[in-house]
Amino acid sequence: MSHKSGKQAASPPAAANDAELAPITVMMSSRLMVLANLLKRGAILRYKRLAELSSVEFGLVASLGRRPPMSVIRLAEAVGMDKGQISRALAELVTRKLVAKEANPRDNRETLVCLTKAGLAAHDTIVAGAQERNRRLLEQLSKDELKVLLDQIDRLTDTAARMLADEKDLN
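Residues numbered from 1 in each chain as written. Predicted model: local features only at pLDDT ≥ 70, side-chain atom pairs only at ≥ 80, totals over all residues. Heavy atoms only, no water.

Undergrad: So what's going on with the sheet that holds strand β2 (residues 99–104)? Residues and values would help.
TA: Pairing in this open sheet of three strands is antiparallel, and the strands run β1-β3-β2 from one edge to the other. Edge positions in the sheet fall to β1 (70–71) and β2, since each of these pairs with one other strand and no more. Judged from the six bridges that link them, β2 and strand β3 (residues 107–115) form a sheet pairing that is antiparallel. If you follow Ala100 over to β3, its bridge partner there is Cys114. (Pairing = 2+ DSSP bridges. Helix = DSSP H or I, 4+ residues; strand = E, 2+ residues; numbered from the N terminus.)

Next up, the structure:
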């Protein structure tokens, strides 16, 4: 029995190190991803309820906004998806008369897309919903706290962009 208790008293070095290491869930990047995912999931549910738009559709409507017509390629770049990924959503938006398509008068090989009146109404619903969600999220912060938070987010974003560039350089 004394032999057994001697074994229990000694712990492997890895166990001691585990207590010192923070789990990934407490890291800043994980916390920000959790926050971003919660906000995104809430937005998806809201825009589905208010404007009957899927996540891809509301991204397209939001990106088209109150801008002049843009090419499908430029829209794909704006939402961070390839042209093939957005074509089905665009077709659905055209069918629902939220988006209009036309050939570019300067280059017939290129298709331009823009919001229709109904699409602009959906866009305005998205903007109003986003403003309400933003107000509700930030109402607990004072003006000074909000300024500090936004400054810190900007600094972290700049650092993350440099880290991404470094990773791309290594690949």
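Undergrad: Tell me about the pairing of β3, and please be specific about residues and values.
TA: Relative to β3, β1 runs antiparallel, the two sharing two bridges. Across the sheet, the residue bridging to Ser71 is Leu112, located in β3. Between β2 and β3, which pair antiparallel one after the other, the connecting turn spans two residues.

Undergrad: Talk me through the packing of helix α4 (residues 55–64) against helix α6 (residues 83–95); I want residue IDs and the actual numbers.
TA: Interhelical geometry of α4 versus α6 gives an angle of 75° and a closest axis separation of 9 Å. Regarding the angle of α4 to α6, the classification is roughly perpendicular. Between α4 and α6, the contacting residues are Val56, Glu57, Leu60 and Val61 on the first element and Ile86, Ala89, Leu90, Glu92 and Leu93 on the second. Of the residues in the contact of α4 with α6, the class split is seven nonpolar, no polar and two charged. (Axes fitted to C-alpha atoms, helices over the stretch in contact; angles between N-to-C directions. Parallel < 35°, antiparallel > 145°, perpendicular 65-115°, else oblique. Contact = heavy atoms within 4.5 Å. Nonpolar A, V, L, I, M, F, W, Y, C, P; charged D, E, K, R; others polar.)

Undergrad: I'd love a proper account of helix α7 (residues 117–138), names of residues and values included.
TA: Because an α-helix completes one turn every 3.6 residues, residues spaced three or four positions apart along the sequence face the same direction. Taking 1.5 Å per residue, 22 residues should reach 32 Å; α7 reaches 31 Å between its end C-alpha atoms and fits that length. Residues of α7 that are buried: Gly119, Ala122, His123, Ile126 and Gly129. Within α7, the buried residues cover an arc of 125° as seen down the axis, which keeps them to one side. Every exposed residue of α7 that faces more than 90 degrees away from the buried side is listed here: Lys117 and Gln131. (Expected span 1.5 Å × (residues − 1). Buried < 20%, exposed > 50% of the residue type's maximum accessible area, 1.4 Å probe, protein only. Arc of directions from axis to C-beta.)

Undergrad: Residues and numbers for the nonpolar core, please.
TA: By size, the foremost hydrophobic cluster in this structure holds 22 residues, and its most contacted members are Leu53, Leu75 and Leu90. In this structure Leu90 touches Leu60, Val72, Leu75, Val99 and Val113, once residues within four positions along its chain are discounted. (Core = buried A, V, L, I, M, F, W, Y, C linked by side-chain atoms within 4.5 Å.)

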